[in-house]
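Coordinates in review
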Amino acid sequence: MNLLLPKNTIRLQGRNFIIFWGLLFVLIGIMNAPDSQAQTPQYDLIAEYIERNTELLEWSYEVVRETENVPARQVLKEAQNLHLRSIRLLDENHPLMASNTAKSARTAMRNAVRLARESMGYEERLLLRVERFRDQHSHLLEQAREAHHKPALEFLRRSETMALRAQEQYQQGDARLAFKMLKQAEELMHRAARQLANDGGGEKLDRKIEMARTSLERAQEKLQNSDDPAALKMLTKSDEALDQALVFRDQGQPGRALQMANLCQRLARQAMNGASTAPNSEAVERQIERWDERHNLVTEKVLNSKLEAARRLLERARQQRFDSERSLGENEIETALRRIRAAHDLLTQAEDLIR
């Protein structure tokens with residue numbers, strides 16, 4: 001049997017062999033070629049997506065800059081790197097890779113903005129609680145010193161230390177951790193209040209509640225014909241504080257009860273003093289004017305110090321000052337007052353930093 005193929009068959013197989021390898025090389029070339037515009041009909045859509053990322057990156061930067069939140073800034077920097085990489089990939093004719101990178105960049109932008117907004121929420125809550133903490137701590141410290149109550153004084157000392165640590169974290173741009181530390185400071189302060197309330201049994205707490213009730217009734221009698229909305233609002237809060245003091249006492253929480261009784265008495269006294277102590281637009285305007293005077297002096301010191309942390313505190317103080325003026329224009333007196341006080345606090349922090 002002749003096992004040899006005919007010559008024409010051999011020539012045909014040779015031609016097929018050449019065609020096969022030729023097609024294979026072409027296929028390999030296509031697989032390794034850049035995903036060019038001609039091969040990707042969605043090229044224009046990807047380019048528009050990346051262009052939109054440029055706008056979103058600018059907006060994200062504005063949001064993050066308002067908070068000075070360190071984690072948010074780190075995530076935003078990563079978003080910026082991814083965005084620049086997506087532009088480079090598109091220029092190098094790799095639209096599919098550019099698309100995936102651009103999507104990752106947008107996700108990072110969203111995460112940065114989310115972190116920044118969470119920080120703003122913590123910052124707003126922190127500023128509210130700091131003012132309340134200072135008032136309560138000051139009154140409890142005065143009582144503990146008068147009573148020479150060493151355990152309560154020790155709790156208050158630890159509370160103040162924790163509050164200072166919270167302030168440091170806030171200055172470093174971590175409002176979330178600062179808020180957590182302030183809560184710990186508040187708990188230490190509550191323990192001091194419980195120590196003071198328990199010293200001498202329930203009779204001391206009952207006397208304090210009666211004193212608060214007397215102050216409230218005296219204020220109610222004095223203001224029964226008053227039309228001052230700020231004083232009347234303070235009087236209502238004083239009444240609510242007394243109710244809370246009674247609830248805490250009945251629930252076996254003497255420390256909280258003592259704090260509420262102190263608050264009731266203080267608010268009642270402020271209400272009786274009338275508009276002179278109640279927040280009003282004139283008082284806020286004076287605070288803003290005083291801030292402007294301080295700002296000029298502090299700015300010069302900060303610029304001379306060349307400390308970046310002090311400069312950031314100064315910028316935040318300016319923002320709080322402008323927010324206060326805006327709130328004042330919208331007749332949100334208490335908010336305006338709170339913000340200008342925060343602006344003064346930030347100026348003080350900046351001054352402390354460069355000393």
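**Overview of the packing of helix α6 (residues 175-198) against helix α9 (residues 254-273)**
Across the interface, α6 lies against α9 with an axial gap of 7 Å and an inter-helix angle of 90°. Put simply, α6 runs roughly perpendicular to α9. Contacts between α6 and α9 pair Glu187, Met189, His190, Ala193, Arg194, Leu196, Ala197 and Asn198 from the former with Pro254, Gly255, Arg256, Leu258 and Gln259 from the latter. Grouping the constituent residues of the contact of α6 with α9 by class yields six nonpolar, four polar and three charged.

**Side note on unusual backbone geometry**
Even without a glycine there, the phi angle at Asn93 is positive, about 70°. Inspection of the secondary structure puts Asn93 in the loop between α3 (70-91) and α4 (95-147). By relative accessible area, which is 29% here, Asn93 ends up partly exposed. Look at Asn331: it is not a glycine, yet its phi comes out positive at around 65°. The exposed category is assigned to Asn331, whose relative accessible area is 60%.

**Remarks on the layout of surface pockets**
Its boundaries defined by the atoms lining it, the second largest pocket holds a volume of some 380 Å³. Contributing to the lining of the second largest pocket are 17 residues, with Gln143, Glu146, Lys208, Asn262 and Gln265 lying nearest its centre. When contributions to the lining of the second largest pocket are tallied by element, the ones reaching two or more residues are α4, α6, α7 (202-222) and α9. Taken together, the residues of the lining of the second largest pocket break down into six nonpolar, four polar and seven charged.

**Some remarks on the nonpolar core**
Grouped together as the largest cluster of nonpolar side chains are 67 residues, with contacts concentrated most on Leu140, Leu156, Tyr170 and Val284. Among the elements that line this core, the one with the most residues is α6, at 12 residues. One finds Val63, Val64, Ala72 and Met109 within the second-largest nonpolar core, a separate group that totals 14 residues.

**Points about the environment of Val284**
If you trace the backbone, Val284 turns up in helix α10 (residues 281-305). Among the residues examined, Val284 registers a relative accessible area of 0% and is labelled buried. Residues Val284 and Arg339, spaced 55 residues apart in sequence, show a C-alpha to C-alpha distance of 9.6 Å. Those residues in contact with Val284 that lie beyond four places of it in its chain are Ser324, Leu328, Ile333, Ala336 and Leu337.

**Description of the packing of helix α2 (residues 43-65) against α3**
Two elements in contact, α2 and α3, have axes whose closest approach is 10 Å; the angle formed by their N-to-C orientations is 160°. Considered as vectors, α2 and α3 are oriented roughly antiparallel to each other. Crossing of α2 against α3: the hand is left-handed. In this structure, α2 contributes Tyr43, Ile46, Ala47, Ile50, Asn53, Thr54, Leu57, Ser60, Tyr61, Val64 and Arg65 to the contact, and α3 contributes Ala72, Arg73, Leu76, Gln80, His83, Ser86, Ile87 and Leu90. Classifying every residue of the contact of α2 with α3 by side-chain character gives 11 nonpolar, six polar and two charged.

**Regarding empty space enclosed by the protein**
Once rolled over the atoms, a probe with the size of a water molecule shows which space is left empty. If you walk through the whole model with that rule in mind, you get one cavity of 30 Å³ or more. Forming the walls of the largest cavity are Gln136, His139, Leu140, Gln259, Asn262, Leu263 and Arg266. For the lining of the largest cavity, the secondary structure elements donating two or more residues are α4 and α9. Element by element, the count of residues in the lining of the largest cavity is highest for α9, at four residues. Counted by class, the lining of the largest cavity contains two nonpolar, four polar and one charged residues.

Parameters and conventions
Residues numbered from 1 in each chain as written. Predicted model: local features only at pLDDT ≥ 70, side-chain atom pairs only at ≥ 80, totals over all residues. Heavy atoms only, no water. Axes fitted to C-alpha atoms, helices over the stretch in contact; angles between N-to-C directions. Helix = DSSP H or I, 4+ residues; strand = E, 2+ residues; numbered from the N terminus. Parallel < 35°, antiparallel > 145°, perpendicular 65-115°, else oblique. Contact = heavy atoms within 4.5 Å. Nonpolar A, V, L, I, M, F, W, Y, C, P; charged D, E, K, R; others polar. Buried < 20%, exposed > 50% of the residue type's maximum accessible area, 1.4 Å probe, protein only. 1 Å grid on protein atoms, 1.4 Å probe; cavity = no way out; pocket = protein on both sides within 12 Å on 5 of 7 lines; lining within 4 Å. Points joined across faces, edges and corners; volume = space filled by probe spheres on them. Core = buried A, V, L, I, M, F, W, Y, C linked by side-chain atoms within 4.5 Å. Left-handed = near helix turned anticlockwise from the far one by under 90°.

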